Amino acid sequence: MQPILIMTAVPQEMTLLEHALTNAVRQTATAFEYAEGTIGTLPVLLCAGGVGKINAAAATATLIERCRPHLVINTGCAGAYPGSGLSIGHLAVASNEILGDEGVLTTGGWRDLRFMELPSFMQGKRAYHNEIPLSKHAAEKAMQLADYYGVLLMRGRFVTVSTCSGTRQRGETLARHFNAIAESMEGAAVAQICLRSGVDCLEIRGISNLVVDRDMSAWDIPRAAESAQRFVLKYLEDLDRPELSAFVQVAPER
Ligand SMILES: O=C(O)c1cccc(C(=O)CC[C@H]2O[C@@H](n3cnc4c(=O)[nH]cnc43)[C@H](O)[C@@H]2O)c1
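Just so you know, these numbers come straight off a predicted model, no measurement behind them. (Residues numbered from 1 in each chain as written. Predicted model: local features only at pLDDT ≥ 70, side-chain atom pairs only at ≥ 80, totals over all residues. Heavy atoms only, no water.)

1. Examining the site of the ligand
Link 1 in the chain: Contacts to the ligand come from 16 residues, most closely from Glu183, Met185, Glu186, Asn209 and Arg214.
Link 2 in the chain: One nitrogen or oxygen atom from the main chain of Gly79 is found 3.4 Å from a nitrogen atom belonging to the ligand.
Link 3 in the chain: Here an oxygen atom of the ligand sits 2.3 Å away from a polar atom, N or O, in the side chain of Arg214.
Link 4 in the chain: Burial of the ligand by the protein chains amounts to 81% of its free accessible area of 550 Å².
Link 5 in the chain: Secondary-structure elements contributing two or more residues to the shell around the ligand are strand E5 (71-80), strand E13 (180-184) and strand E14 (200-210).
Link 6 in the chain: Tallied by class, the residues present in the shell around the ligand amount to eight nonpolar, four polar and four charged. (Near = heavy atom within 4 Å. Polar contact = N/O pair within 3.5 Å; in protein donor to acceptor, adjacent residues only side chain to side chain. Areas by Shrake-Rupley, 256 points an atom, 1.4 Å probe, with all protein chains shown as cover. Helix = DSSP H or I, 4+ residues; strand = E, 2+ residues; numbered from the N terminus. Nonpolar A, V, L, I, M, F, W, Y, C, P; charged D, E, K, R; others polar.)

Quick look at the structure:
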């Protein structure tokens, strides 16, 4: 059976998942460490690839090439934009990812890759610029599961940044410009590698902070990481026991 690859940035975002992994074997591929094992009866790979797009893209590409997963779950923490309705500890799932920094700063302001006529990648004749879609099927399944468990899960567009937004003004600007609910430092990288490789990608993050004027004392990374992992474990449990699933099984899009 093809495995499920779970990507986080840092080991702290992986602790509960590691605890749930049985028959774990530690492996290394291109300097990325990962653990291979099972959760329930599902073959699962866990990798904390590092912070930022470079680490995320390289680790995801390496492990897709080596292990051929049928699904990649990108989880961890995120900052919620003002006005999103999200609070610390809430969960959010990405419908689309946005490369929030790639573009050009002109005298008329920031312009994206479409303006520059520079796709970030092409698939056949289709050009992808700053926006990358994730698996609709996987996100809808997550929404149904959240509904079943009475967990608040908000679906919307996520922005991926290299420079974290440490002011409310920046957060409001990005939220408005991209019509987005949250930001991270890895999401778009994982999503783009999955799209290129034809692998479904689900991104679920716990909210560790609001994107307001930087005040680390208001952050709660452990709470966000725990919420996200608990939900991912429920998601895996549901995949593992489709006969007990409360949901109508819908065929994946494609
Ligand atoms: O020291 C800071 O100002 C700072 C700003 C953003 C994130 C951090 C972290 O230590 C967490 C990095 C980790 O978590 C994701 N994350 C969480 N909140 C945000 C955010 O508001 N903006 C962007 N990324 C965020 C991110 O994906 C990293 O992996 C410290």
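Moving on from the model shown.
2. Some points on helix H6 (residues 187-197)
Link 1 in the chain: Where burial is concerned, most of H6 is hidden: nine out of the 11 residues are buried.
Link 2 in the chain: Looking only at H6, the buried set comprises Gly187, Ala188, Ala189, Val190, Ala191, Gln192, Ile193, Cys194 and Leu195. (Buried < 20%, exposed > 50% of the residue type's maximum accessible area, 1.4 Å probe, protein only.)

3. What about helix H4 (residues 136-149)?
Link 1 in the chain: Look at H4: 20 Å from first C-alpha to last across 14 residues, which is about the 20 Å you get at 1.5 Å a residue.
Link 2 in the chain: For H4, the complete set of buried residues consists of His137, Ala138, Ala139, Lys141, Ala142, Leu145 and Ala146.
Link 3 in the chain: Packed against the buried residues of H4 are E5, strand E6 (91-99), strand E12 (153-160), E14 and helix H7 (221-240).
Link 4 in the chain: With a side-chain oxygen lying 3.5 Å from the backbone nitrogen of His137, the N-terminal cap of H4 falls on Ser135.
Link 5 in the chain: In the segment just after H4, Gly150 is the residue with positive phi, at about 65°. (Expected span 1.5 Å × (residues − 1). Contact = heavy atoms within 4.5 Å.)

4. A word on the pattern of salt bridges
Link 1 in the chain: Using the criterion set out here, one finds 11 salt bridges in the structure.
Link 2 in the chain: Residue Arg230 is joined to Glu226 by a salt bridge in which the shortest nitrogen-to-oxygen separation is 2.9 Å. With Arg230 and Glu226 both in helix H7 and four residues apart, this pair spans about one turn of that helix.
Link 3 in the chain: A relative accessible area of 36% means that Glu226 is categorised as partly exposed.
Link 4 in the chain: Each of the salt bridges in this network shares a partner with another, and the network as a whole consists of Glu186, Glu203 and Arg205. (Salt bridge = Lys/Arg side-chain N within 4 Å of Asp/Glu carboxyl O.)

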